[in-house]
Amino acid sequence: MPVSKQAAVFSITPTDVSVEVGSKAEFLAETGRPGVKVKWQKDGKDLPRDARYSTSAKGKSHCLIISNVTINDAGSYALVAGMTKSPFKLSIKDPVPTPDKKTPAEPVPPSEPDVLPQMKEERDTPQAMAGLFLEKIEDAHVHVGGDHLFTAKVDGSKFTTRPQVQWFKGKWMDLSSKAGKHLQFKDTFDKNTKIYTFEMNMIKAKEMHTGKYRCEISHKGTKDSCSFDVNITVAPLGEEMDIRKAFKRVGKEKKEDAGEMDFSALLKKREKKVVEEPNEPSDDVWEILKNAKPSEFERIAFEHGITDLRGLLKRLKKMRAPVKSEVILKKLEPAYQVDKGGRIRFEIEVADPNVDIKWLKNGKPINLSGRIAMEAIGARRMLTLNKCTLGDDAAYEVVVGDERCATELFVREPAVLIVTQLEDQTVTVEERVELECEVSEEGAAIRWEKDGVELTGENTFKYRMKKIGKKLNLIINSASKEDAGHYKVITNGGESIAELVVQDKKLEVLQGIADLTVKAEDSAEFTCEVSDEKVTGKWLKNGIEVVPSERIKLIHRGRIHKLMIENVRPEDEGDYTFIPDGYAFSLSAKLNMLEVKIEYVPKQEPPKIHLDCHGKQSENSITVVAGNKLRLNVPITGEPPPTVIWHKGEQVLTDTEGRVFLENQKDSSALTIEGAERDDEATYKICVQNPSGEDKATLFIKVVDVPDPPRQPQISEVGEDCCTVSWETPKYDGGMPITGYLLERKKTRSHRWIKLSHNLIQETSFECKKMIEGMAYEIRIYAVNEIGMSIHGPASKPFIPLAPTSEPTRLGVDDVTDTTVTLKWRRPDKVGAGGVDGYLIEYCREGDTEWVAVNKEPVERTSLHVKDLPTGEKLIFRVRAINSAGLSPPATMSQPVLVREIVERPRIRLPRHLRHTYIRQVGQTINQAIPFQGKPRPKVTWQKDEQPLDTERVSICNSVMDTIFFIRHVERSDSGVYNLKLDIDHLEDQANIKIRVVEKPGPPQIVKVVEVWGFNVALKWMVPRDDGNTEITGYTIQKADRQTMTWFTVYEHYHRTSCTVSDLIMGNDYYFRVFSENIVGRSETACQTKEPAHIDKTGVIYKAAVFKEYDFTEPPNFTHRLPDRTAVAGYNCILSCSVRGNPKPKVKWLKNGFDITEEPKYRMLTQQGVCTLEIRKPMSSEGGVYTCMAENALGEANIECKLEVKVLPKKKVQAQKK
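Residues numbered from 1 in each chain as written. Predicted model: local features only at pLDDT ≥ 70, side-chain atom pairs only at ≥ 80, totals over all residues. Heavy atoms only, no water.

**What about the pairing of strand S65 (residues 838-845)?**
Then step 1. Among the eight residues in S65, seven count as buried, and that is most of the element.
Then step 2. Inspection of the sheet shows S65 paired to strand S68 (residues 874-883) by eight bridges, in the antiparallel sense. Within S68, the residue paired with Tyr 843 across the bridge is Phe 877.
Then step 3. Pairing of S65 with strand S66 (residues 852-853) involves two bridges; the strand directions are antiparallel. The residue of S66 that forms the bridge with Glu 842 is Ala 853. (Buried < 20%, exposed > 50% of the residue type's maximum accessible area, 1.4 Å probe, protein only. Helix = DSSP H or I, 4+ residues; strand = E, 2+ residues; numbered from the N terminus. Pairing = 2+ DSSP bridges.)

Right, dumping it as structure tokens:
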């Protein structure tokens, strides 16, 4: 984030001042608020403590007074407050005309740094940052006055809202405040490609625009930045010129510091000769600048007439090598990155362990807390941040004395996982919908989609997105049919999808309309009750809307709708229907009238039942819906009033209270059934009796109801995303024919059921589709008749839609014998959620169609060794994968396989370390497995030095693919050349293995004192008799005083067989002993001198000893032998030995007795007695006997060795080169 602008810190900045020498210079400034700490600097350094400098601060005002100004006070000054610097300059009037005192040039503008950067910063941010840029900004080289467009493209599909963009120059200079004539900013968004394009247009570039720029993109904690360099230069001049000639002075004055400045050399091509210039100074400006301090650059430029200090610094930056800091030895990295909640450590190393340092965050000191720790261990200084938050994403700086080191920390949000998934929902129109899930992090950046289209801020009038802690909600206040679809929530760590089904609004009937039978002039009342109070409706009579009147009234109170008819007339009979507004169903009932015939009869009238059933299905039958009320009012006549008896079947009804009761009056008898049930369906009989006789009538009341639920459905033909559901019809159809079935489905772990079809299914089977493979489901069924829908039946057993895998791939033959075939293949490309349980293998003869199963039980591995096959037959093999969904399509071999063993030439694959001499120590174990190839199984033969192996010493274990060579405890006698031979039907391959068993050497022979002089003793000895079966690598020489016999080491790893021991004490006697060494170690014992060597004391009077001059001449003698070598063809080989002799011997090399000195393939060197022969990329023909011959005037000596050149197979050579 950028620091505060300069204007926000200083309300009044210091102005430039020009004074005379000896006068007083005064600078005034004012800060935006009181109490701001400031410091005054000159040339980038704090002002020294001097009586001539006086600073004061009062409230917002700050003052600097320089008394008795001298010529050295001229220069660039700055007032610093925190991270803000306000520059100004002090110049001297009428300067003394001397080369060292010139008028200072124009100071560097505030936007440029005062000191040339010593080290180049890393341009790009670390790779682990969030990669938001699709197209990063390239570096630009622009001429002065030119235009350039910088473009950055960002992937907008990762953002839910528009990202924020900031342009910076340098570290923290925000360019948004610089927009205007020279800088213009623009951003666009392409909805089709979802790409944001951010542009910065630099118009009429100036040199002050040169520098490092950065474009930073941020969005809800995610941040990325792109750095680029802008280099503004003048137009090229064609030829390279001296910068001092480009900025020359012209005029009548001939002095270098006189006249006006002429910049024409930089503005146009120099075609004409200019006036002859005075002689240039002999010193090189660039050499002076390279060795100068940054604070002296301005003075040096003035002295040499250079006014373009900015261009000078740019060129010097390219020429000058970076200088390491003497204060901070190890600096911070350019940038660090840490995951949110993680731990990060900044570490530097200082030169002075006692120096005090200060850590800053965005320019402010960092305070210690339980989460922030500062450590100092020696010269190391560390700042540790624990449990990093997004607030820690900032710029950090460490201050050590006058030096600073800065870095940036980027805090990356971890992957947000979806803990609780979205659930499928089924709602009705205008119902409120709320989709909810839970993520692993609070404040996570998420994106909602509907059917693959992102829900953005433009949809806020329809959708409302809410975050409460870790819970995410998508709310639809009033759902419509268009809202149905698949909704998805996406985070940077996963996604969750749910299906929303919107159905037409349902209206439940709480009380239906019952048929009425009334007498003339009585009142009739139809009543129904629905679940929604706001629902209105209309009443129809025989299909014609009923118009209310004084006698007919329509009443709507809450959920109850009534139709009341007073003084019922015969014309009121008919079918009455109530239709709710907005719903596609209706409630119907009939109004029947009892025709009462009044006849004048004598008082003795036999009883009679007047029964008339309108709308009956059969004679004297009445149908009632279960749960409805049935009132059957039967008029009767007779004098005297008859006695009424009701029967239900054979049972006499007498109850006057309860659910089924009777009401008897003088002229009628009523049977009432409250809430009809299935048991009420029966034949009812009414009998009226009086003294004049009796009358009987029979009624059949049929109770119709919703059907029973179907039984548990059966699932079959389960596929990848479908299955077939079948079921049986219900035991009881409710007394009405079944009109269809409705099916619902749900995920086993969910509680929401979703309808599979909005239309009734007529058959007793259905194919379910659009299921997710691998997800467990359950299905339940409803039965529907004309009365209504049954309750749901029991849910099916959970099932998982799965599909068989695709066929296995890459079926091939790995091995064939006379009776077996080894097959191998790879897993199917498409496996699915069911996985692979195993594989079944079959074969058939060529031309036959009968397949024979190889394995009854599936094999899990992708290979099989098929045994007991007929020899010589051609067989075709195929493989099927099997899982819980069934068998996959077969993978069949395109060509038949001939069951006959293939002869493969034997080949030994000798390990690399056995291709050279294999060295082991006495007592160690040799256990080497040597792989080989060959079919049929080759015969393995071992020999040692062309003799059979001693089976008591060596154990050999052979297998089909390798042979194991084993010796438990090796001895010296086990050394030799071992030959391994493979044989298959006269086809052979063999390899030699050289084994050398070594041990510590014996002691040297005969150590004797050759000469004693002064403080020195010359020793000589002979090589040991037993070298431990390897060459002697050196000797250890020790001395011991005769009195103490304490041994001290004089030389270690000494290569010669003679030495001189110096710095001995006069008057003492010394014994000497020598140990020999080889690659195993030092010998157990040493060879010691028999007699001590006495160091004589020097007398007071020196008497020169008479001695014979020592003859240093000697014939050539090889001190280091030339060992046998084995080289690899194509790789350089070096042979070396050492020789001594005086005079210096002449050395030449021979190959097989022929001089090779002039051969260009060989390179021979002799330095300090070491003779080296380099054979460049030898071939097999370079093997042979090589001889090194040394010759001088006293004689000659030679030494030879054998060189063997091995040629590797081409495949191995290529493998080694790779």
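**Considering the packing of aromatic side chains**
Then step 1. Evaluated as defined, the whole model comprises 27 aromatic pairs.
Then step 2. Their ring planes at 10° and their centres at 6.2 Å tell us that Tyr 196 and Phe 198 sit as a pair that is stacked.
Then step 3. Residues Trp 539 and Phe 578 carry aromatic rings whose centres are separated by 5.1 Å and whose planes lie at 50° to one another, so their mutual orientation is tilted. With Trp 539 in strand S42 (residues 537-541) and Phe 578 in strand S46 (residues 574-580), the pair connects residues that are 39 residues apart, well separated along the chain.
Then step 4. Taking relative accessible area as the criterion, Trp 539 reaches 4% and is therefore assigned buried. (Phe/Tyr/Trp six-rings, centres within 6.5 Å; stacked < 30°, edge-to-face > 60°.)

**Looking at the pattern of salt bridges**
Then step 1. This model, assessed by the stated rule, comprises 43 salt bridges.
Then step 2. Salt-bridge contacts for Arg 953 lead to Asp 974; the nearest nitrogen and oxygen are separated by 2.5 Å. In this pair, Arg 953 is assigned in the loop between strand S76 (947-948) and strand S77 (955-958) and Asp 974 in the loop between strand S78 (962-967) and strand S79 (976-984), connecting sequence segments 21 residues apart.
Then step 3. The partly exposed category is assigned to Arg 953, whose relative accessible area is 27%.
Then step 4. The buried category is assigned to Asp 974, whose relative accessible area is 4%.
Then step 5. Between Arg 972 and Asp 1026 there is a salt bridge; the shortest N-O distance is 3.3 Å. With Arg 972 in the loop between S78 and S79 and Asp 1026 in the loop between strand S82 (1016-1022) and strand S83 (1034-1041), the pair connects residues that are 54 residues apart, well separated along the chain. (Salt bridge = Lys/Arg side-chain N within 4 Å of Asp/Glu carboxyl O.)

**Considering the pairing of strand S81 (residues 1005-1013)**
Then step 1. Inspection of the sheet shows S81 paired to S82 by six bridges, in the antiparallel sense. Of the residues in S82, the one forming a bridge with Val 1009 is Leu 1019.
Then step 2. From the end of S81 to the start of S82, which pair antiparallel, there are two residues, and Gly 1014 there has a positive phi angle of about 55°.

**Some details on the confidence of the model for the chain**
Then step 1. For the chain, the average pLDDT comes to 83, and 87% of its residues sit at 70 or higher.
Then step 2. For residues 237-248, every residue scores under 50 in pLDDT, and the model assigns this stretch 32 contacts once sequence neighbours within four places are set aside.
Then step 3. Taken together, the stretch residues 614-618 has pLDDT below 50 and engages in seven contacts with residues farther than four places along the chain or on a different chain. (pLDDT = per-residue confidence, 0-100. Contact = heavy atoms within 4.5 Å.)

**Concerning the nonpolar core**
Then step 1. In this structure, Ile 137, Phe 150, Val 154, Trp 167, Met 200, Met 202 and Phe 228 are the most contacted members of the largest nonpolar core, which totals 24 residues.
Then step 2. The residues contacting Phe 150, other than those within four sequence positions of it, are Ile 137, Glu 138, Ala 140, Trp 167, Phe 198, Glu 199, Met 200, Met 202, Phe 228 and Val 230. (Core = buried A, V, L, I, M, F, W, Y, C linked by side-chain atoms within 4.5 Å.)

**Remarks on the sheet that holds strand S63 (residues 809-816)**
Then step 1. Reading across the sheet, the three strands line up as S63-S64-S67 and stay open at both edges, with antiparallel pairing between neighbours. In this open sheet, the two edge strands, each paired with only one partner strand, are S63 and strand S67 (863-866). Shown here is a sheet whose adjacent strand axes are inclined to one another by a mean of 20°, direction ignored.
Then step 2. In this sheet, strand S64 (residues 821-826) lies alongside S63 in antiparallel orientation, the contact comprising five bridges. Looking at S64, one finds that Asp 815 is bridged to Thr 822. (Axes fitted to C-alpha atoms, helices over the stretch in contact; angles between N-to-C directions.)

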